[in-house]
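Fold and geometry: a report
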Amino acid sequence: QVQLVESGGGLVQAGGSLRLSCAARGRSFTSYHWGWFRQAPGKEREFVAAINWSGDISSCADSVKGRFTISRDNAKNLVYLQMDSLKPEDTAVYYCGAKRIRTGWAPSSAYEYDYWGQGTQVTVSS
């Protein structure tokens, strides 16, 4: 079992930056791959980025490649999403998800994840 709590969202101007954090509480933090997804009103949850349990493998969506960076601090049980050069189309609720290692490295599908946080709102103004 693992519980996830996101923070760091807010209102930012286009071209600005935000750093989202996901705090995890569970029996074994390193037993999971972590991912970030986002969801805008009326749309499906969209893959943003993911990082494996050891932090040596990561993946990101084409829409954010070169602008967003995912990282994790296993000692602090934290996962980060650094978002730079933000655009209005990045506006969404951002969710942190945890995926059991035994389910494999297939990070881009929301259905592969076992646990989710409650989300944090990111709004980018023009």
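Scroll up for the structure.
Residues numbered from 1 in each chain as written. Predicted model: local features only at pLDDT ≥ 70, side-chain atom pairs only at ≥ 80, totals over all residues. Heavy atoms only, no water.

Turning our attention to the overall build of the protein chain. Of regular secondary structure, the protein chain possesses 0 helices and 11 strands. For the protein chain, the sequential pattern of α-helices and β-strands runs β-β-β-β-β-β-β-β-β-β-β. Here the C-alpha atoms of the protein chain give a radius of gyration of 13 Å, agreeing with the 14 Å that 2.2 N^0.38 yields for 126 residues. Overall, the C-alpha framework of the protein chain stretches about 40 × 25 × 25 Å when taken along its three principal axes. Scored against the burial criterion, the 126 residues of the protein chain give a buried share of 41%. Of the contacts made within the protein chain by residues no fewer than 6 positions apart, 60% connect residues no fewer than 24 positions apart. When the accessible surface of the protein chain is split by element, carbon and sulfur atoms take 45% of a total near 6,700 Å². Averaging the coordinates of the 14 positive side-chain charges in the protein chain and doing the same for the 11 negative ones gives two points 5 Å apart. (Helix = DSSP H or I, 4+ residues; strand = E, 2+ residues; numbered from the N terminus. Rg over C-alpha atoms; globule rule 2.2 N^0.38 Å. Buried < 20%, exposed > 50% of the residue type's maximum accessible area, 1.4 Å probe, protein only. Contact = heavy atoms within 4.5 Å. Areas by Shrake-Rupley, 256 points an atom, 1.4 Å probe, with all protein chains shown as cover. Lys, Arg positive; Asp, Glu negative; His and termini not counted. Charge placed at Lys NZ, Arg CZ, Asp CG, Glu CD.)

Turning our eyes to something else, we now look at the sheet that holds strand E1 (residues 2–7). What the 4 strands build is an open sheet, ordered E1-E3-E8-E7; its pairing is antiparallel. The open sheet has two edge strands, E1 and strand E7 (68–73), and neither has a second partner. For this sheet, the mean inter-axis angle between neighbouring strands, taken without regard to orientation, is 15 degrees. Judged from the 6 bridges that link them, E7 and strand E8 (residues 78–83) form a sheet pairing that is antiparallel. In the sheet register, Ser-71 faces E8, and the bridge partner there is Tyr-80. (Pairing = 2+ DSSP bridges. Axes fitted to C-alpha atoms, helices over the stretch in contact; angles between N-to-C directions.)

A regular strand carries its side chains on alternate faces of the sheet. Burial analysis of strand E9 (residues 92–100) places 7 of its 9 residues in the buried class, which makes it a mostly covered element. Where E9 lies against strand E11 (residues 120–125), 3 bridges are found, and the strand directions are antiparallel. Its bridge partner being in E11, Val-93 is matched across the sheet by Gln-121.

Turning our eyes to something else, we now look at the state of the cysteines. Summed over the entire model, instances satisfying the criterion amount to 1 disulfide. Two residues share a disulfide in this structure: Cys-22 and Cys-96, whose sulfurs sit 2.2 Å from each other. When the S-S torsion is -85 degrees, as for the bridge of Cys-22 with Cys-96, the disulfide is left-handed. One end of the pair, Cys-22, is in strand E3 (residues 18–26); the other, Cys-96, is in strand E9, and 74 residues separate them in sequence. An identical accessibility class is assigned to Cys-22 and Cys-96; each is buried. Looking at the unpaired Cys-60, the closest cysteine sulfur is the one in Cys-96, lying at 16 Å. (Disulfide = S-S within 2.5 Å.)

As a further point, take the environment of Gly-66. Tracing the backbone shows Gly-66 in the loop between strand E6 (58–60) and E7. Placed 19 residues apart in sequence, Gly-66 and Ser-85 show a C-alpha to C-alpha distance of 9.2 Å.

Spatial relationships are all this shows, so hold off on functional conclusions.
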